[in-house]
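The chain contents come next:
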Amino acid sequence: MRLLQSALFLVLMLTPVAVVSARLTLSEDGRTDYVIVTPLEPSPSVVRAASELQAFLGQITGAVYRIVTEKAPIREHEIVLGAPRRLAARGVTIDIPALGPEGYVLKTIEGTLVVAGSDVRGVMYGVYGLLTDHLGCRWFTPTVSRIPRQPTLRLPELSERVVPALEYRWPAVRDCYDAEWCTRNRVNVGPKLGPEHGGSVTFCGWAHTFEKLVPAETYFDAHPEYFAQVDGKRLRARTQLCCTNKEVVRLVTEGIRKRMRENPSATYFSVSQNDWGNHCQCSSCQELAAREESQMGPVLQLVNSVADAVRGEFPGKRVTTLAYQWSRKPPKTIRPVSNVTIRLCSIECCFSHPFTDCDFKANVSFCDDIRGWAAICDNLWIWNYTTNFRNYFLPHPALRALNDDIQFFLAHNVKGVYEQDTKLTLAGEMSELGAYMMARFLWDAGYDENVAINEFLDVVYGNAAGHIRAYIDLLHDKVQAEKIHLRCFTRPKAATFLDRAVLDEANRLFGLAEESVSGTPEVLKRVKVARLPVDYAHVERLGRGDTGLCKIDHQAFTVEPLTDVTVHAQRFLTRAKAAGVRTLREQTSTLADYEKSVSNLLCRRLTPHEPLVADRVKPGIRATYFEVDAWPGNGTFNELTPVAEAIKPRIDLSMRKRDRMFGFLFRGAFLASADGVYTFHFRAEGGSELRVAGETIVDARRAGAAHAVQGHVGLRKGWHPLWVRFREFGYNDGLDLRWSGPGTAVSKLAPGQLGHIAP
């Protein structure tokens, strides 16, 4: 753990003033004569801060703390919350504007405790600073906290000034989309933060807004020149804007100006590239990109033009853009203007090691880019990725990198951090622990990593804490020692650190964990949720893949998987339902979808399909080839016009004329050599599907990049309908379709096994 340089510490001590500071006795044996003083007309957040302080001091001491306004007579013992008349009466002068919207001062003066700051979030955060940093309160999850009991409560002398280094702090974890949790952990972004919580840092247009600011459906037919030229062609679908086109600049400026007028409460307005490639290759854009040595050149020129145009009318608002994938590298000479915020994205990186300690190529280049942006940008934010978006429940040991990376950001002029985590479902892999750690570090990057982990585990998991800590260390030690790089879209097959030995040990540790808290139902429930990733990993790493881990009876048409895989699959499904799991990945994939796919791994009896009439089947399978700019949202090819069609001896991609954005339909028949269970092993990109005898055997419609999946079907001897849909986006993973059956090991489909139905 590297410590920040002293200049980056969040807590800055006040210069002593000419008043006497003293230790305060806030309660004695559960009794107090202290009152909480608020302004005459407190803001909603100050009202809430007073109520929270009253409640938690009461829980700590057992005493009753009354709340009064500064209209009440001055008392010897007071806790003053941002009451300017009280401060003036006591001769205290604090530069509130210098604290910003979130900074605060905690100070003991004779018998008084002062909590001073803005009435937006400053006073409120000061209350939580007192409770957290000085009285030991913790809010680990929305339902689990630690409030120490101390009937006699003495507070040491305080003279503390705290201003957060980050203006934007959001650990985006669905479990913690809770206004109380966010506010108590001083998170200033969230979907449920109202005025009483100090509000939220607010956007109008979150990201990827090119297509909304200048929609192709509105402008493309009349003005294709507004949109990206790629390989000599202006793109209508999956396009970007031509950033150097003057009319595009005008339309985007008008759009942002309109949004600013219609959304006065928002501060940040996005002008950012769409979430794919295809940057404009026209001569104007590429001449600028070449001069700037970055594709960010045309984008930032557009963004700066918009920001310059709206600054006079909207001086407090900012225009944001992404430095993302093809635009990540900082430009050579163009600088963001003062009201532009750059959001630098780390999506290509390895997240199992700190950025600066990792030799992964993408991490090295990301570090170069953040240093470059830090030198030219005063409003630099980071969009970081702290989960596995393709598999929310696959173990993802990235906790140890969190604090090191945040310290690295702060050391390079970063003013805001968005940690994109498990946003779409509850109960993700260690998501509540991750949320707590991120919230702590985003507020105070000097907070100790091990303290954060252990204090969370001790309270949330009780007697099971040691076993769960051993599990966390097991995974993190493995990827650290073997230098295993984890991306934010890791497939189960690529998660090689999850071998049989690691998973067996993880399973053993959670068995001990559950046993250790068997007498405390609420804690046991939380431990069961924490075990979900272990069961999921057993299923995905050991139960799926190119080889079938199952016992097949061809006479009885039964499929019986290995016992441990069945146990893990059933336990995962049962507990995931109880925990309110909605989806298993960023792309739409419900728990019901997963249950259907897992059914292939459970014991089942198949109903055999009867064959086709043999004389209807002719040699070769019918292949239809398609090319697209964008795949239809419904996943079908019905609305596409074929490029070519032929009868082929094999299922392969030999007819393709490009390397990306193409697809095939293969329609025909498969020859079953005998009665029995046939297993198909299908590897293809998302949107692909395999049907045999009219039954969907493998459905990869909701998958991302290619991975191997197997499915079983019962067939009588003879020909059976075969239908394959294949879609290629650009990962170039190809198509691999194999089979095994009675007396036959896994092999590719031979020409003699494929036919088509003659017209």
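Described in the following lines is the structure provided in the data block. None of these values were measured; they are calculated from a predicted model.

1. So, the overall build of the protein
Turning to step 1, where the next piece is worked out: A tally of helices and strands in the protein yields 19 helices and 35 strands.
Turning to step 2, where the next piece is worked out: The C-alpha atoms of the protein give a radius of gyration of 30 Å, which matches the 27 Å a tight globule of 759 residues would have.
Turning to step 3, where the next piece is worked out: The principal-axis extents of the C-alpha atoms in the protein amount to approximately 100 × 70 × 40 Å.
Turning to step 4, where the next piece is worked out: For the protein, buried positions account for 57% of its 759 residues.
Turning to step 5, where the next piece is worked out: Long-range contacts, defined as pairs at least 24 residues apart, comprise 74% of the intrachain contacts of the protein with a sequence gap of at least 6.
Turning to step 6, where the next piece is worked out: Accessible area of the protein: about 30,200 Å², with a carbon and sulfur share of 51%.

2. Some details on the pattern of salt bridges
Turning to step 1, where the next piece is worked out: Using the criterion set out here, one finds 44 salt bridges in the structure.
Turning to step 2, where the next piece is worked out: Notably, a salt bridge pairs Lys332 with Glu293, separated by 3.5 Å at the nearest N-O pair. In this pair, Lys332 is assigned in the loop between strand 17 (318-323) and strand 18 (340-345) and Glu293 in the loop between helix 8 (283-292) and helix 9 (296-311), connecting sequence segments 39 residues apart.
Turning to step 3, where the next piece is worked out: In this structure, the salt-bridge partner of Arg508 is Glu505, at a minimum N-O distance of 2.9 Å. Taken together, the positions of Arg508 and Glu505, both in helix 15 (residues 500-516) and three residues apart, correspond to about one turn of that helix.

3. Quick notes on the packing of helix 15 against helix 17 (residues 532-543)
Turning to step 1, where the next piece is worked out: Viewed as axis vectors pointing N to C, helix 15 and helix 17 meet at an angle of 155°, and their least axial separation amounts to 10 Å. Between helix 15 and helix 17, the angle falls in the class roughly antiparallel. Of the two possible hands of crossing, helix 15 and helix 17 adopt the one that is left-handed. Where helix 15 abuts helix 17, its residues Arg500, Leu503, Asp504, Ala506, Asn507 and Phe510 lie against Val534, Asp535, Ala537, His538, Arg541 and Leu542.
Turning to step 2, where the next piece is worked out: Partitioned by chemical class, the residues of the contact of helix 15 with helix 17 number six nonpolar, two polar and four charged.

4. A short note on the sheet that holds strand 23 (residues 604-605)
Turning to step 1, where the next piece is worked out: In spatial order, the strands read 21-22-23; together these three strands make up an open sheet with antiparallel pairing. In this open sheet, the two edge strands, each paired with only one partner strand, are strand 21 (550-553) and strand 23.

5. Some details on helix 16 (residues 521-530)
Residues separated by three or four positions in an α-helix point in the same direction, a consequence of the helix having 3.6 residues per turn.
Turning to step 1, where the next piece is worked out: Within the sequence span of helix 16, burial applies to Val523, Leu524, Val527 and Ala530. The buried side chains of helix 16 occupy one side of the element, clustering within an arc of 115° when seen end-on. For helix 16, the exposed residues lying more than 90 degrees away from the buried face are Pro521, Glu522 and Lys525.

6. Comments concerning helix 15
Turning to step 1, where the next piece is worked out: Spanning 17 residues, helix 15 covers 24 Å between terminal C-alpha atoms, matching the ideal 24 Å at 1.5 Å per step.
Turning to step 2, where the next piece is worked out: Listing the buried residues of helix 15 in full gives Val502, Leu503, Ala506, Leu509, Phe510, Ala513 and Glu514. One face of helix 15 carries all of its buried residues, which in axial projection span an arc of 135°. Along helix 15, exposed side chains directed more than 90 degrees from the buried face belong to Ala501 and Glu515.

7. What about the state of the cysteines?
Turning to step 1, where the next piece is worked out: According to the stated counting rule, one finds zero disulfides in the structure shown.
Turning to step 2, where the next piece is worked out: There is no disulfide at Cys182, and the cysteine sulfur nearest it, in Cys176, is 7.2 Å away.
Turning to step 3, where the next piece is worked out: Relative accessible area serves as the criterion here: at 4%, Cys182 is assigned to the buried category.
Turning to step 4, where the next piece is worked out: The thiol sulfur of Cys345 is not disulfide-bonded, and the nearest other cysteine sulfur, from Cys349, lies at 10 Å.

Rules of the game
Residues numbered from 1 in each chain as written. Predicted model: local features only at pLDDT ≥ 70, side-chain atom pairs only at ≥ 80, totals over all residues. Heavy atoms only, no water. Helix = DSSP H or I, 4+ residues; strand = E, 2+ residues; numbered from the N terminus. Rg over C-alpha atoms; globule rule 2.2 N^0.38 Å. Buried < 20%, exposed > 50% of the residue type's maximum accessible area, 1.4 Å probe, protein only. Contact = heavy atoms within 4.5 Å. Areas by Shrake-Rupley, 256 points an atom, 1.4 Å probe, with all protein chains shown as cover. Salt bridge = Lys/Arg side-chain N within 4 Å of Asp/Glu carboxyl O. Axes fitted to C-alpha atoms, helices over the stretch in contact; angles between N-to-C directions. Parallel < 35°, antiparallel > 145°, perpendicular 65-115°, else oblique. Left-handed = near helix turned anticlockwise from the far one by under 90°. Nonpolar A, V, L, I, M, F, W, Y, C, P; charged D, E, K, R; others polar. Pairing = 2+ DSSP bridges. Arc of directions from axis to C-beta. Expected span 1.5 Å × (residues − 1). Disulfide = S-S within 2.5 Å.

Honestly, that's just the spatial picture; any functional story needs more than this.
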